[in-house]
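# Overview (structure and organization)
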Amino acid sequence: MNIQVAVLCDAATDDNWKLNLLGAFDTIYAPQMPAVHLQCAVALRVTFMPGDEGVRQLTLNFINADGRPIMAPIPLQVDVTLPDDVHFLTRNFIVHLQQLQFNEPGLYSVEVRMDDQPQASIPLLVKLIPRPTT
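Residues numbered from 1 in each chain as written. Predicted model: local features only at pLDDT ≥ 70, side-chain atom pairs only at ≥ 80, totals over all residues. Heavy atoms only, no water.

## Some remarks on the pairing of strand β4 (residues 35-48)
Condition: The classification of residues rests on relative accessible area computed with a 1.4 Å probe and restricted to protein chains. Under 20% of the type maximum is buried, over 50% is exposed, and intermediate values are partly exposed. What counts as a helix is a DSSP run of H or I of at least four residues, what counts as a strand is a run of E of at least two, and both are numbered from the N terminus. Only strands joined by at least two bridges in the DSSP assignment are considered to pair.
Burial analysis of β4 places 10 of its 14 residues in the buried class, the great majority of the element. In this sheet, β4 lies alongside strand β1 (residues 2-15) in antiparallel orientation, the contact comprising seven bridges. Looking at the pairing, L8 lines up with V42 of β4. Sheet analysis places β4 next to strand β7 (residues 89-102), joined by 13 bridges and oriented antiparallel. Bridge pairing in β7 links F48 to L89.

This is the structure we're talking about:
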């Protein structure tokens, strides 16, 4: 298995097996804490090879700098079957999120795991930008 793309973005779509991304980002600037990011998406493009076949468990974990979860894990069951006439199979996974909350500024990440084994990590920095005083 090979993760070709793992990204946080404003939006993503799958159009005839093509992954379309809009507004990839790695930093959120917030005027106050807790910060709420209204909507975003985690987009993955994964290539499976012979030997990867079977029912697999893909899990997304949003964690803080201490490795503690900031929300419940997002499990995705994946049934991988390679047709006889192909050497690999590529699939897109898009998870839309709303009202993502961060209680404090700092470094966060989205940990991508397959069958409980780490495969990728998407970093996210949440920065507090204080409002100017008058």
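Past the structure itself, the notes keep going.
## A few points about the packing of aromatic side chains
Keep this limit in mind: Only Phe, Tyr and Trp rings are paired, with Trp represented by its six-membered ring, and only when their centres lie within 6.5 Å; those with planes under 30 degrees apart are stacked, over 60 edge-to-face, the remainder tilted.
Enumeration over the complete set of coordinates arrives at one aromatic pair. Taking 4.9 Å as the distance between ring centres and 70° as the angle between the ring planes, the aromatic pair formed by F102 and Y108 counts as edge-to-face. Each member of the pair, F102 as well as Y108, is classed as buried.

## Quick look at the pattern of salt bridges
Rules: A pair is scored as a salt bridge if a Lys or Arg side-chain nitrogen falls within 4 Å of a carboxyl oxygen belonging to Asp or Glu.
The full count for this structure, using the stated rule, is five salt bridges. Notably, a salt bridge pairs R56 with D115, separated by 2.4 Å at the nearest N-O pair. With R56 in strand β5 (residues 54-64) and D115 in the loop between β8 (106-114) and β9 (117-128), this pair connects stretches of sequence that are 59 residues apart. Several salt bridges converge on common partners, so that one network encompasses D52, R56 and D115.

## Concerning the sheet that holds β4
Counted only if it meets this: Throughout, an axis means a line fitted to C-alpha atoms (over the contacting stretch in the case of helices), and angles, computed between N-to-C directions, take values from 0 to 180 degrees.
In space, the four strands of this open sheet follow the order β2-β1-β4-β7, with antiparallel pairing throughout. Every other strand in the sheet has two partners, leaving β2 (18-25) and β7 as the edge strands with one partner each. Adjacent strand axes in the sheet meet at a mean angle of 45°, parallel and antiparallel pairs treated alike.

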